[in-house]
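Structure assessment
What follows is each chain in one-letter form.
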Amino acid sequence: MKMFSSHLRVCLRRINIRCNSSSNGIKFSSTAAAAAADSGKIMNSSQLKSRGLIKLTGNDTESFLQGLITNDLKCFTQHQCHSLYTMMLNVQGRILYDFLMYNISEQNSTDVNDILIECDSSAVTEVIATLKRYKIRKKVDISDVSDSLKVWTIFPNKIPESSENLKDLDIVDESKATVISADPRLKSIGFRCLLPENTHISQVVKDTKIEENEDLYRIHRYQLGIAEGVSDFHPGKSLPLESNLVFLNGVNFNKGCYIGQELTARTHHTGVTRKRIMPLFLDGNSDGLEFDDSIKIENGKGAGKYRNGLQNSAIGLIRLSDVNKNLAIEKKDGATVKIRATVPFWWPDDVTAPKTN
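Calculation notes
Residues numbered from 1 in each chain as written. Predicted model: local features only at pLDDT ≥ 70, side-chain atom pairs only at ≥ 80, totals over all residues. Heavy atoms only, no water. Helix = DSSP H or I, 4+ residues; strand = E, 2+ residues; numbered from the N terminus. Buried < 20%, exposed > 50% of the residue type's maximum accessible area, 1.4 Å probe, protein only. Contact = heavy atoms within 4.5 Å. Areas by Shrake-Rupley, 256 points an atom, 1.4 Å probe, with all protein chains shown as cover. Core = buried A, V, L, I, M, F, W, Y, C linked by side-chain atoms within 4.5 Å. Salt bridge = Lys/Arg side-chain N within 4 Å of Asp/Glu carboxyl O. Disulfide = S-S within 2.5 Å. Pairing = 2+ DSSP bridges. Axes fitted to C-alpha atoms, helices over the stretch in contact; angles between N-to-C directions. pLDDT = per-residue confidence, 0-100. Phe/Tyr/Trp six-rings, centres within 6.5 Å; stacked < 30°, edge-to-face > 60°.

**Overview of the overall build of the chain**
In terms of helices and strands, the chain carries six helices and 20 strands. By the burial criterion, 54% of the 357 residues in the chain qualify as buried. For the chain, restricting intrachain contacts to residue pairs at least 6 apart in sequence, the fraction spanning at least 24 positions comes to 74%. Carbon together with sulfur atoms contributes 44% to the accessible area of the chain, which is approximately 15900 Å² in total.

**As for the nonpolar core**
Grouped together as the largest cluster of nonpolar side chains are 58 residues, with contacts concentrated most on L224, L280, I295, I318, L327, W346 and W347. Here this core gets five residues from one element, more than from any other, and that element is helix α5 (residues 215-224). With residues up to four places along the chain from it excluded, the contact list for L224 reads I159, L186, S188, I189, P279, P344, F345 and W346. Of all hydrophobic cores here, the second largest spans 27 residues; its members include I117, A123, I128 and L131.

**What about the pattern of salt bridges?**
Scanning the model with the defined rule gives 17 salt bridges in all. Between E228 and R192 there is a salt bridge, with its nearest N and O atoms 3.2 Å apart. Here E228 is found in the loop between α5 and α6 (261-270), whereas its partner R192 is found in strand β12 (residues 191-196), with 36 residues between them in sequence. Overall, E228 belongs to the buried group, its relative accessible area being 7%. Given the relative accessible area of 1%, R192 is considered buried.

**A look at the state of the cysteines**
Summed over the entire model, instances satisfying the criterion amount to one disulfide. Shown here is the disulfide that connects C75 with C81, its sulfur atoms set 1.7 Å apart. Given a relative accessible area of 18%, C75 falls into the buried group. Given the relative accessible area of 13%, C81 is considered buried.

**With respect to the sheet that holds strand β8 (residues 141-144)**
Reading across the sheet, the five strands line up as β5-β6-β7-β4-β8 and stay open at both edges, with antiparallel pairing between neighbours. The strands lining the two open edges of the sheet, one partner per strand, are β5 (83-89) and β8. Each strand axis lies, on average, 30 degrees off the axis of its neighbour in the sheet, ignoring direction. With four bridges joining them, strand β4 (residues 51-57) and β8 adopt antiparallel strand pairing. Paired with L56 across the strands is I142, a residue of β8. Packing of helix α4 (residues 124-135) onto the sheet brings it into contact with β4, β5, β6 (95-103), β7 (114-120) and β8, and relative to β8 it is tilted by some 175 degrees.

**What to know about unusual backbone geometry**
Generally, phi is negative for residues other than glycine and the peptide bonds are trans, each holding for most cases. A positive phi angle, near 60 degrees, is found at H79, a position not held by glycine. Locating H79 in the fold gives a position in the loop between α3 (74-77) and β5. One non-glycine residue, N244, lies in positive phi territory at about 65 degrees. Structurally, N244 is set in the loop between α5 and α6. Here N244 falls in the buried class, since its relative accessible area comes to 0%.

**Topic: the confidence of the model for the chain**
Low pLDDT marks regions whose predicted coordinates should not be analysed in detail. When pLDDT is averaged along the chain, the result is 85; 85% of the residues meet or exceed 70. Below pLDDT 50 for its whole length, residues 1-39 participates in 107 contacts with residues either more than four positions away or in separate chains. Low pLDDT (under 50) marks residues 353-357, which in the prediction has 15 contacts with non-local residues, meaning those over four places away or in another chain.

**Comments concerning the packing of aromatic side chains**
Inspection of the entire model under this criterion finds four aromatic pairs. Ring centres of Y97 and F99 lie 6.2 Å apart, and the angle between their planes is 15 degrees; on these two criteria the pair is classed as stacked. Judged by relative accessible area, which is 4%, Y97 ranks as buried. Since its relative accessible area comes to 1%, F99 is described here as buried. An aromatic cluster of at least three residues, connected via ring pairs, comprises F247, W346 and W347.

**A word on the sheet that holds strand β16 (residues 294-297)**
To summarise the sheet geometry, strands pair through backbone hydrogen bonds and adopt either a parallel or an antiparallel arrangement. The strand order β15-β18-β17-β16-β19-β20 describes a closed barrel built from six strands, whose pairing is antiparallel. Pairwise comparison of adjacent strand axes, ignoring direction, gives a mean angle of 40 degrees for this sheet. Of the pairings in the sheet, the one linking β16 to strand β19 (residues 327-330) comprises three bridges and is antiparallel in character. Bridge assignment links I297 to a residue of β19, and that residue is L327. Here α5 sits on the sheet and contacts β15 (275-282), β17 (302-310) and β18 (313-319); the angle it forms with β17, its principal contact strand, is near 155 degrees.

Now the structure itself:
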C-alpha cells in the first residue's frame, strides 16, 4: 500500500516526570512498579493492537465528520491542533465510539481533506459501516488502514503529579513516523505514534522500555481514570459527560449540530453531573468482575457501576457524593472486594467532590 505523503510534525513540549511513588493517593500495582524499577527508564512504549485506524480522504471530509462527532474540526483548519479527542454518539446521546483523530492533510493547508481516525480495533468494521451509512453523496473515501499503519503509545511508568509537564521524547528519526503527537486527552497519558507496519518504535524514539503487551498501558490509564475502547465504553451504555468528555477536551459546545447533541448540551448547561468515571483501587484483583457490576456502600445502597480493570487497578462510574465512603463489589462467586475510589488530580477544582489524600 502506498505510504502517506505527508508526515505530521507535532511540537512536543517539555514534561517533567515526577518520580514519587504515589499521587493523590494513587498507588501503582506491583507489576507496574517492578517494571519501572527494573528498567531504570521513565518512559514505556507499547504497540496497541487493540486500536485500529481508518483513513478518510476527500473534499468533503471535514463537513462530513463535523455533523457526526462531538468535537470541532476547526481546530484542524485553524491550525490550533494536529490531533483531537472526540466521540460519536447515538441519537439518545449515548457513546457509540471514542476516537482519536489526526490531521494528515498537507501542511499549511486550510483544507482538511485527509484524516486518520483511531478507534477500537474490534469496532473498525462497524465504524466504517456506520460512517458509510451517513456518507450519502459526500465526496469522502473511507478505508481501513490498520494493516499498513500501527498505533504505538509512549507513556510514563509513574503517574505524574501534574499534567503540565512530561519528559521530551528523544526522537531518533521523525521522518519514519506518520504521526507523533502528545495525547490530546491529557498530557499525563503520554504520546501517540502512528508507524508504518515495517517500522519499529525504536527506529523513531529511543530510551523507552518496550513492553510485550498493553497491560502496563491499561494499568496506567486506569490509575489516571481514563476509559478507552468498547471494553470500557460498551456502545450505547455510557453518557459522554459522565465519562469526563469535557475534562478530556473531547467536546465543543459552540459548534453546529451533531448526532446526540441535544441531551449532551442540555446536561452540560444545567451543570448537573452526579456520577463520573474515576479510578478504583481494589483490595484484590479484578478477575471475575464484569461491566455494570453494582458497587455499593456499607448499607447496601448503590454507589455506582464497575466498568473495567486489570489486576488491582480499575475504573468505575461512581456517584460523586459517595467517593469517600467505604465501597465494595460482590463477585459472581460471592466474594466481596473492597474498593477505594479516587478523584483524579487532573479534574477541575470546582468538581463537587472532595479530593482524598
